[in-house]
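An overview of the molecular structure
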Amino acid sequence: MLKKIFAIILTATFLGATFSFPVEARSLWTDRGWNMFSDKKARNVGDILTIVISESTTQTSAKSRTNSKEGSIDIGAGTGIFSFLKAVSATGEDSFSATGSATDTNSFSGQITVTVVEVLPNDNMVVEGTQSIWQNRDEHKITLRGIIRRDDVTMNNTVSSTRVADATIKFDGKGPLNAKQRQGILTQIFNILF
């Protein structure tokens, strides 16, 4: 019986040595600081994240001006050598009143995916990205640049545009349709002169 057990152990050892595969040790931690338990949030230069743009601005201005002026003068008749002067009186009145108001409302919503271009010493990230959409030979371009905190990056790797510091969001377009929406050269010259 002992011989059988010894033969089985010897056979298993021989088979294990013959058909063994190389084994390498790996860590749960990767070079980028992520592991199987962490979120895949942007944190290093070159990482990408999505900015959810939800901007709304309203500007209201109202002005009122009132100005009035009144004056009168009386000159009596001359005496002595000035007897040829007759009595004169004059009155004058000037008034000005103006009112004006203006309201400007803008809103934009959308999403743009940006790249981390710099990580600041305080761990804030500078992000920048451009999105260009072409439709019927018209280009609609969105450019965004700003600074975000790592704490503001959500679990699904997005940040609200209201959480972007020093944000520059530029909407631009070019093409036949956009060209028609601009003033002509003669109109622009007329506006400059007058």
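Remember, it's a predicted structure, so these values are computed and weren't measured experimentally.

**What about the overall build of the chain?**
For the chain, the count of helices and strands is 3 helices and 6 strands. Here the contacts in the chain between residues at least 6 apart in sequence split such that 58% fall between residues at least 24 apart. Accessible surface, the chain: about 15,900 Å² in total, of which carbon and sulfur atoms supply 56%.

**Quick word on the pairing of strand β4 (residues 138-148)**
Where strand β3 (residues 125-135) and β4 come together, 11 bridges link them in antiparallel fashion. Residue Met125 lies in a different strand from β4, and its bridge partner there is Ile148. Hairpin remark: β3 followed by β4, antiparallel, with 2 residues in the connecting loop; positive phi at Asn136, about 50°.

**Let's talk about the pattern of salt bridges**
Taken as a whole, this structure holds 3 salt bridges when the rule is applied. The salt bridge partner of Asp123 is Arg150, with a shortest N-O separation of 3.9 Å. Here Asp123 is found in the loop between β2 (88-119) and β3, whereas its partner Arg150 is found in the loop between β4 and β5 (158-160), with 27 residues between them in sequence. Asp152 is paired through a salt bridge with Arg149; the nearest N and O atoms lie 2.9 Å apart. Residue classification places Arg149 among the partly exposed positions, given a relative accessible area of 42%.

**Some words on the nonpolar core**
Leu49, Ile51 and Ile148 are the most contacted members of the largest nonpolar core, which has 15 residues in total. Of all the elements in the fold, those that place two or more residues in this core are β1 (48-75), β2, β3 and β4. With residues near it in sequence (within four places) discarded, Leu49 still touches Ala42, Ile112, Thr113, Val114, Val116, Val127, Ile148, Asn157 and Val159.

**Some thoughts on the environment of Thr162**
By secondary structure assignment, the location of Thr162 is in the loop between β5 and β6 (165-174). In this structure the C-alpha to C-alpha distance between Thr162 and Glu55, which are 107 residues apart in sequence, comes to 7.4 Å. A distance of 2.9 Å separates polar atoms of two side chains, one belonging to Thr162 and the other to Ser160.

**Some points on the side chain of Ser161**
Relative to the helices and strands, Ser161 is located in the loop between β5 and β6. Among residues more than four places away in sequence, those in contact with Ser161 are Ile51, Val52, Ile53, Ser54, Glu55 and Ile169.

**Examining the side chain of Asp47**
With respect to the secondary-structure elements, Asp47 resides in the loop between α1 (2-18) and β1. Overall, Asp47 belongs to the buried group, its relative accessible area being 8%.

**Some details on the environment of Ile112**
Looking at the secondary structure, you find Ile112 in strand β2. Between the alpha carbons of Ile112 and Thr50 there is a distance of 5.7 Å; along the sequence they are 62 residues apart. Apart from the residues lying within four places of it in its own chain, the contact partners of Ile112 are Leu49, Thr50, Ile51, Ile53, Gly129, Thr130, Gln131, Ile142 and Leu144.

**Re the confidence of the model for the chain**
Of the residues in the chain, 64% reach a pLDDT of 70 or more, and the chain-wide mean stands at 76. Looking over the chain, one finds the lowest element-wise mean pLDDT in helix α2 (residues 176-180), namely 54, and the highest in β5, namely 91.

**Things to note about the environment of Gly71**
Structurally, the position occupied by Gly71 is in strand β1. For the pair formed by Gly71 and Asp94, sequence separation is 23 residues and the distance between their alpha carbons is 8.8 Å.

**Describing unusual backbone geometry**
A positive phi is found at Asp123, a non-glycine position, where the angle reads about 75°. Judged by relative accessible area, Asp123 falls into the partly exposed class, the value being 39%. In this structure, Asn157 is a non-glycine residue whose phi angle is positive, near 65°. Locating Asn157 in the fold gives a position in the loop between β4 and β5.

Conventions used here
- Residues numbered from 1 in each chain as written.
- Predicted model: local features only at pLDDT ≥ 70, side-chain atom pairs only at ≥ 80, totals over all residues.
- Heavy atoms only, no water.
- Helix = DSSP H or I, 4+ residues; strand = E, 2+ residues; numbered from the N terminus.
- Contact = heavy atoms within 4.5 Å.
- Areas by Shrake-Rupley, 256 points an atom, 1.4 Å probe, with all protein chains shown as cover.
- Pairing = 2+ DSSP bridges.
- Salt bridge = Lys/Arg side-chain N within 4 Å of Asp/Glu carboxyl O.
- Buried < 20%, exposed > 50% of the residue type's maximum accessible area, 1.4 Å probe, protein only.
- Core = buried A, V, L, I, M, F, W, Y, C linked by side-chain atoms within 4.5 Å.
- Polar contact = N/O pair within 3.5 Å; in protein donor to acceptor, adjacent residues only side chain to side chain.
- pLDDT = per-residue confidence, 0-100.

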